Amino acid sequence: INKWLLAELVPELQSKSGIGFFVAQGSLPAAGRDRPGPGGQDGQADVARLMDELEARYPRGASSEVKGTLGITGADLFAQDMNFVFANAKRGYAVMSYHRFLADTNGEAPKRSRLRERFLKQAITSGFFILGIPRCATPRCVRAYPNSLAELDSKGAELCAWCREQLRLSQTPQ
């Protein structure tokens, strides 16, 4: 992953999401290629397999301060019968890919700010899933499901009132 992306985004992620992020030294387990790409291109990685590898590598409960682990990869991801996914998550773990956010992947001119925004929006969403907070249904919320990259691009990076409340409740001692 581009170091500038993490250096710029971790503070912004914490500011916009209210979630403390820790960047582990070490990479996501080797992505491998579980499904071949067309014409000899790189294939896709099975996100379920990567989730299992992430969970094995970073067991929950190793630190009371760490709420979960977000794995980041440049591999193109698929899940079961879905052609591609930006990410997948369950309580405590998430894997996200920036592959489909890249200008080269989409035939776009490179634009650093666009890549930053796409990455930020997906990381916020993944962070909430790590905390066990379900998907938001408010269409303009950063956490609403995007059916396409264009929908992801059209949303802002702000949380709706419901998501802010869910985050507050998730951090309140039981």
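Residues numbered from 1 in each chain as written. Predicted model: local features only at pLDDT ≥ 70, side-chain atom pairs only at ≥ 80, totals over all residues. Heavy atoms only, no water.

**Some thoughts on the packing of helix H1 (residues 3–17) against helix H4 (residues 112–130)**
Moving on, step 1. Interhelical geometry of H1 versus H4 gives an angle of 50° and a closest axis separation of 10 Å. Regarding the angle of H1 to H4, the classification is oblique. Both H1 and H4 take part in a crossing whose hand is right-handed. In contact with Trp-4, Leu-5, Leu-6, Glu-8, Leu-9, Glu-12, Leu-13, Lys-16 and Ser-17 of H1, H4 contributes Arg-112, Leu-115, Arg-116, Glu-117, Phe-119, Leu-120, Ala-123, Ile-124 and Phe-128.
Moving on, step 2. Across the contact of H1 with H4, the residue classes break down as eleven nonpolar, one polar and six charged. (Axes fitted to C-alpha atoms, helices over the stretch in contact; angles between N-to-C directions. Helix = DSSP H or I, 4+ residues; strand = E, 2+ residues; numbered from the N terminus. Parallel < 35°, antiparallel > 145°, perpendicular 65-115°, else oblique. Left-handed = near helix turned anticlockwise from the far one by under 90°. Contact = heavy atoms within 4.5 Å. Nonpolar A, V, L, I, M, F, W, Y, C, P; charged D, E, K, R; others polar.)

**Some words on the pattern of salt bridges**
Moving on, step 1. Going through the model one piece at a time under the given rule, you end up with eight salt bridges.
Moving on, step 2. Its salt-bridge partner being Glu-53, residue Arg-49 comes within 2.3 Å of it at the nearest N-O pair. A residue pair is termed a helical-turn pair when its members lie 3 or 4 positions apart in one helix, as Arg-49 and Glu-53 do in helix H2 (residues 47–57) at four residues.
Moving on, step 3. Exposure remark for Arg-49: the relative accessible area of 23% places this residue in the partly exposed category.
Moving on, step 4. Looking at Glu-53, the relative accessible area reads 26%, which means it is partly exposed.
Moving on, step 5. Glu-108 serves as the salt-bridge partner of Arg-118, at 3.0 Å between the closest nitrogen and oxygen. (Salt bridge = Lys/Arg side-chain N within 4 Å of Asp/Glu carboxyl O. Buried < 20%, exposed > 50% of the residue type's maximum accessible area, 1.4 Å probe, protein only.)

**Some points on the nonpolar core**
Moving on, step 1. Ranked by internal contacts, the top residues of the largest apolar core, which has 28 residues, are Phe-101, Phe-119, Ile-124, Phe-128 and Cys-163.
Moving on, step 2. Listing elements by their share of this core, those giving two or more residues are H1, H4, helix H5 (149–154) and helix H6 (161–170).
Moving on, step 3. Here the element with the most residues in this core is H4; it accounts for six residues.
Moving on, step 4. In this structure Phe-128 touches Ser-17, Ile-19, Ile-133, Arg-143, Leu-159, Cys-163 and Leu-167, once residues within four positions along its chain are discounted.
Moving on, step 5. Membership of the second largest hydrophobic core comes to eleven residues, among which are Val-47, Leu-50, Met-51 and Leu-77. (Core = buried A, V, L, I, M, F, W, Y, C linked by side-chain atoms within 4.5 Å.)

**What about the packing of aromatic side chains?**
Moving on, step 1. Taken as a whole and judged by the stated rule, the model has two aromatic pairs.
Moving on, step 2. When the ring of Phe-84 is compared with that of Phe-86, the centres are 5.6 Å apart and the planes differ by 55°; the resulting orientation is tilted.
Moving on, step 3. Relative to Phe-101, the ring of Phe-86 has its centre 5.3 Å away and its plane inclined at 50°; by these criteria the two rings are tilted. You can see Phe-86 sitting in the loop between strand S4 (82–85) and strand S5 (87–90) and its partner Phe-101 sitting in the loop between strand S6 (93–97) and helix H3 (103–106), a full 15 residues away along the chain. Considered together, Phe-86 and Phe-101 belong to a single accessibility category, that of buried residues.
Moving on, step 4. The residue whose ring lies beneath Arg-100 is Phe-84, and the NZ or CZ to ring-centre distance is 4.0 Å.
Moving on, step 5. In this structure, Arg-143 is placed above the aromatic ring of Phe-129, and the distance from its NZ or CZ to the ring centre is 5.4 Å. (Phe/Tyr/Trp six-rings, centres within 6.5 Å; stacked < 30°, edge-to-face > 60°. Lys NZ or Arg CZ within 6 Å of the ring centre and 35° of its normal.)

**Side note on the confidence of the model for the protein**
Moving on, step 1. Across the protein, the average pLDDT comes to 84, with 86% of residues at or above 70.
Moving on, step 2. Here H1 stands out as the element of the protein with the lowest mean pLDDT, 77, in contrast to H5, whose mean of 94 is the highest. (pLDDT = per-residue confidence, 0-100.)

**Concerning the pairing of strand S2 (residues 69–73)**
Moving on, step 1. Side chains Thr-69, Gly-71 and Thr-73 project from S2 onto a buried face, and the interleaved Leu-70 and Ile-72 project onto a face without burial.
Moving on, step 2. Across five bridges, S2 lies against S6 in parallel orientation. When the bridges of S6 are listed, Gly-71 appears paired with Val-95. (Pairing = 2+ DSSP bridges.)

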